[in-house]
Amino acid sequence: LNPQKPKKIDSSSLKNLNVTEFIGEALVLSEKATIHDGIVEIFTRDSGTIYITNGDLLSGVVSRKDLLKAAIGGMDLTSLPISLIMSRMPNIHFCTTDATLFEAAEIIVKKEIDSLPVVEYSNELKGYKIVGKISKTDLSRVLFETLL
Ligand code: ADP
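Residues numbered from 1 in each chain as written. Predicted model: local features only at pLDDT ≥ 70, side-chain atom pairs only at ≥ 80, totals over all residues.

Here we take up unusual backbone geometry. Backbone torsion omega between methionine 89 and proline 90 reads 10°, so that peptide bond is classified as cis. By the secondary structure assignment, proline 90 is in the loop between strand 4 (87-88) and strand 5 (95-96). Phi angles above zero are rare outside glycine, and aspartate 46 is one such case at about 50°. For aspartate 46, the location among the structural elements is in the loop between helix 1 (35-44) and strand 2 (49-54). The backbone phi angle of lysine 126 is positive, close to 60°, even though this residue is not glycine. (Helix = DSSP H or I, 4+ residues; strand = E, 2+ residues; numbered from the N terminus.)

Here's what the structure looks like:
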């Protein structure tokens, strides 16, 4: 996942690069976690988006603003499950591991979201397992390494 040392990217190959070369670790919580757990995790893990799972499968997404809305709305943060405030499947935008970086960037730009879960379909579980995420920060890094 996401090597920290900048390495030059060849601009002519950029459009066809596979998304998995650029993904980072996704912050994942269970639907049963509380909203308060989500706030603590997003701070301690320095992340912008939480991916929510039901069993091992992607079921939702919670952003910083979703958490702020819950906090100022007077919800009982320590007892209510985070699933109550998540954006949920089937309305979650994602890409699979065979997508190109370009396809992932297109979804992030057009849907105006901070990051995109990168998933793999599980035939056994009949749903999508989270492999990682691609964020706007990752895309900035690609731009930087292309211009390097
Ligand atoms: P923020 O709200 O912190 O600016 P985003 O722009 O990523 O972060 O999220 C905006 C809204 O879109 C939130 O309500 C969030 O739940 C939802 N959202 C974020 N990522 C996705 C996604 N991949 N698919 C569907 N909805 C998403």
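This brings us to the nonpolar core. In this structure, Val19, Tyr51, Ile52, Val62 and Ala104 are the most contacted members of the largest nonpolar core, which totals 29 residues. At the level of elements, strand 2, strand 3 (57-63), helix 2 (64-72), helix 3 (101-111), strand 6 (115-122) and strand 7 (127-135) are the ones that each hand at least two residues to this core. With residues up to four places along the chain from it excluded, the contact list for valine 62 reads Gly38, Ile50, Ile52, Leu67, Ile82, Ile85 and Met86. (Core = buried A, V, L, I, M, F, W, Y, C linked by C-beta atoms within 7 Å. Buried ≥ 20, exposed ≤ 12 C-beta atoms within 10 Å, placed from the backbone. Contact = placed C-beta atoms within 7 Å.)

This brings us to the site of the ligand. Around the ligand there are 14 residues in total, and Ser63, Arg64, Lys65, Ser87 and Asp114 lie nearest to it. Elements with a minimum of two residues in the shell around the ligand: strand 3 and helix 2. Among the residues making up the shell around the ligand, the classes are represented as five nonpolar, five polar and four charged. (Near = placed C-beta within 6 Å. Nonpolar A, V, L, I, M, F, W, Y, C, P; charged D, E, K, R; others polar.)

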